[in-house]
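Here is how the chains run, residue by residue.
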Amino acid sequence: MYKYLFLITVSSIPGAAYAQSASEQALEEIIAAQDEDTEVADRLATAPGHHGYQPTDAVITVTANGLGTDLRNTGQSVTVIGREEIESIQGADPARALSRVPGLSLSRSGGVGTVTSVNVRGANPDQLLVLVDGVRVADQASPSGGFDFGNLLLGTAGKIDVLRGSNSTIWGSEAVGGVLDVSTRTERGLIASVEYGARDTLFASAAAGAGNDDAFIGLTGSWYDTDGFSAAAAGTEADGSQQFALGTSAFVNLTPTLELFAHGNFTEGDVDIDSFLLIDNEDTQKTTRYWGDVGLAYYGNDLTLRAAYSLSDTERSNRDGTGVETFASDGRSERISLRGEYRLLGGLSLAFGGDHEWTEFETSFDTAAETEISGAYAQLGWVMGRLAAHAGARVDDHEQFGTQVSFGGDVSYGIVGDWRVRASVGEGFKAPTLFQLLSFFGNTDLEPEESTSFDLGVEKGQRGSGLHLALTGFRRDSDNLIGFGVTAERPSGVYLNTDEARAQGIEAEAGFDLARGLRLSGIYSYVDAEDRTTGLDLARRPNHFGTVYADWVSDFGLGLGADLRIVGPSWDNATNTTRLEGYELFDVRASFGVGKNLELFGRVENVFDADYQTVAGYGTAGRSVFGGIRAKM
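Just so it is clear, the model here is predicted, and its values are computed rather than measured.

Let us now look at the pairing of strand β7 (residues 116-120). Within β7, 5 of the 5 residues are buried, which leaves the element mostly enclosed by the surrounding structure. Of the two faces of β7, both are covered, the one formed by Thr116, Val118 and Val120 as well as the one formed by Ser117 and Asn119. In this structure, strand β6 (residues 104-108) lies alongside β7, joined through 5 bridges in antiparallel fashion. Pairing of Leu104 across the sheet is with Val120, part of β7.

In this section: the nonpolar core. Leu98, Leu104, Val118, Leu128, Phe149, Ile160 and Leu180 are the most contacted members of the largest nonpolar core, which has 26 residues in total. Contributing elements (two or more residues each) for this core: α3 (83-89), α4 (94-98), β6, β7, β8 (128-132), β10 (157-164) and β11 (178-184). When neighbours within four sequence positions are excluded, Leu128 is seen to be in contact with Val118, Val120, Phe149, Glu174, Gly178, Val179 and Leu180. With 13 residues, the next largest nonpolar core counts Leu481, Ala503, Phe545 and Val567 among its residues.

Moving on to the confidence of the model for the protein chain. Residues at a pLDDT of 70 or more form 91% of the protein chain, whose mean pLDDT is 90. The model gives residues 1-24 a pLDDT under 50, and that stretch makes 77 contacts with residues more than four places away or in other chains. Note on residues 26-56: pLDDT is under 50 here. Beyond four places in sequence and across chains, it has 63 contacts.

Moving on to the pattern of salt bridges. Within this structure, the stated rule accounts for 40 salt bridges. Its salt-bridge partner being Glu605, residue Arg96 comes within 3.6 Å of it at the nearest N-O pair. Taken together, the residues span a long stretch of sequence, with Arg96 in helix α4 and Glu605 in strand β34 (residues 598-605) at a distance of 509 residues. Comparing Arg96 with Glu605, the two get one shared label, buried. Here Asp563 and Arg589 are joined by a salt bridge, their closest N and O atoms 2.6 Å apart. Here Asp563 is found in strand β30 (residues 558-567), whereas its partner Arg589 is found in strand β33 (residues 583-594), with 26 residues between them in sequence. Each member of the pair Asp563 and Arg589 is classed as buried. Within the structure, one salt-bridge network assembled from shared partners comprises Arg83, Glu87, Arg185, Glu187, Glu599 and Arg630.

Conventions adopted
- Residue numbering note: each chain is counted from 1, following its sequence as written.
- Per-residue local features are limited, in this predicted model, to residues with pLDDT of at least 70; the limit for side-chain atom pairs, both in listing and counting, is 80 or more; totals at the level of whole chains, interfaces and linings are taken over all residues.
- Each side-chain value is derived from all of the structure's non-hydrogen atoms; neither hydrogens nor water enter the calculation.
- Classification of residues uses two cut-offs on accessible area relative to the type maximum, computed with a 1.4 Å probe and protein chains only: under 20% is buried, over 50% is exposed, and between them is partly exposed.
- Counting from the N terminus, the helices are the DSSP runs of H or I reaching at least four residues and the strands are the DSSP runs of E reaching at least two.
- We treat two strands as partners when DSSP finds at least two bridges between them.
- In this description, a nonpolar core means a group of buried Ala, Val, Leu, Ile, Met, Phe, Trp, Tyr and Cys residues linked to one another through side-chain atoms lying within 4.5 Å.
- Contacts are assigned to residue pairs with any non-hydrogen atoms lying within 4.5 Å of each other.
- As a per-residue measure, pLDDT reflects the predictor's confidence and takes values from 0 up to 100.
- Whenever Lys or Arg places a side-chain nitrogen within 4 Å of a carboxyl oxygen from Asp or Glu, that contact is recorded as a salt bridge.

Now the structure itself:
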């Protein structure tokens, strides 16, 4: 441990000029206009749905209520990682950025590009609702309906917004463990970077945009290619991967209060995989994904509305070493939605919304099938001084299982200075997937998985600046979990509602400005995730994990930094017979600005060449060195 603490240094990268999303820009304009007209103690902002204390360096989240909200005006646990921090971390791998989020653990079946699962507060990976620009991107054809983070690299990501805790009141199905939204980069001008390093890995990304306060269009893309290493820990043949990504964002103000917006994204990736027997072979998997939305947003004095149509499609194709297709699938969803907020009286506001979603899937072994779900919600918000509180309910109706009702609420209270206490309670549900309902192993009598979560915390300041301290306790009980079993009527196997689980623990965060340009931060999580049916630990959920990271930037453009990730032991399987040992990963990084528009950067990952596994039998990268250059204009 001491060798890591001794070697931790710090870094920071000069930030580019970022274009705000249209919603964030409109929110700040409303706040600024109202602040000019109203002198309120503690500088209260009275924009619809964004009441309460508004620090000058406000951090906006969309995961709390579906529209832009300042973090200090919600009692829910939210972490936001911006583009500047993503660039300072360096590289394409989202796991390195997500390791800075409390309560979040990861597992991966090989190198970058292979199946990567995220557990939030001990929830199953498929119980995390994943959005890109507000569009649901889960694979509707996968058995559990989850999102594979191996298909998401950081070249086109502008911001990562993570809510921890059940929130189906706002988001409907899948928001059991939490909600994660990735915003596409929206930058004015042109910025590009390229890096090269270990295992012949090349990662290039670029973003460009043009516009003003009334119109904007941006385009971003990235390319990743690596020879990789053997996915099977015992193998010797390298398993490479390639991924291409393209994203675009645009908005235009049709009138001073009406905006037309659109987003579009495309990714295609190829990865070499070793079979479940964990032996070298020539198998590959190709994944093609496209998604996007188009809609209108209205920003009035008392009313905000946002209506959109969105689409998401994921196609997969597995081939053996001879090129013969062994499996193919296609999952698709289409959705129409409306969200809004109305300021009723003084500090009282009403958030509301509704949506309808069509989903369909088809695989090599299952004929095409589809289903539908509709939902509507309402949430009251109240602000009085430093108090902000919300309470709401949602009703969903599914074509197969019928009606599901969800409740939730949160409160945040500023006690003194920049200290506040916060608490939330929420219900979550996850609809059975099309595979679980209508495949060969399907069961049309399945009920949705359900959860109830609550947390209580105290926080000082904000993440990333000044003195920041936070401590949160949480608990989530889940019922009706869907598992695979055998019955007399279905001897070949069938999906059943059989399981129960409980996850509870604490999350701690701290950040300090130790000296000019020098900041030390860290997170620690204790997560006790248990199968309440068997009393055993849930698989691949370590009890203890955390990250310590530091950054220093000089007056002459030099930045130094380091990240130390510590993960305790866990079990690889539900029967708790295969042990995954704990591990420590230490990364160092550096950057140097050459003038205002050029930057050199580099890093060493896994400095001490730790040998570890996050999935039993699958390999991980050893010591790796990378270097690159970034330019902007």
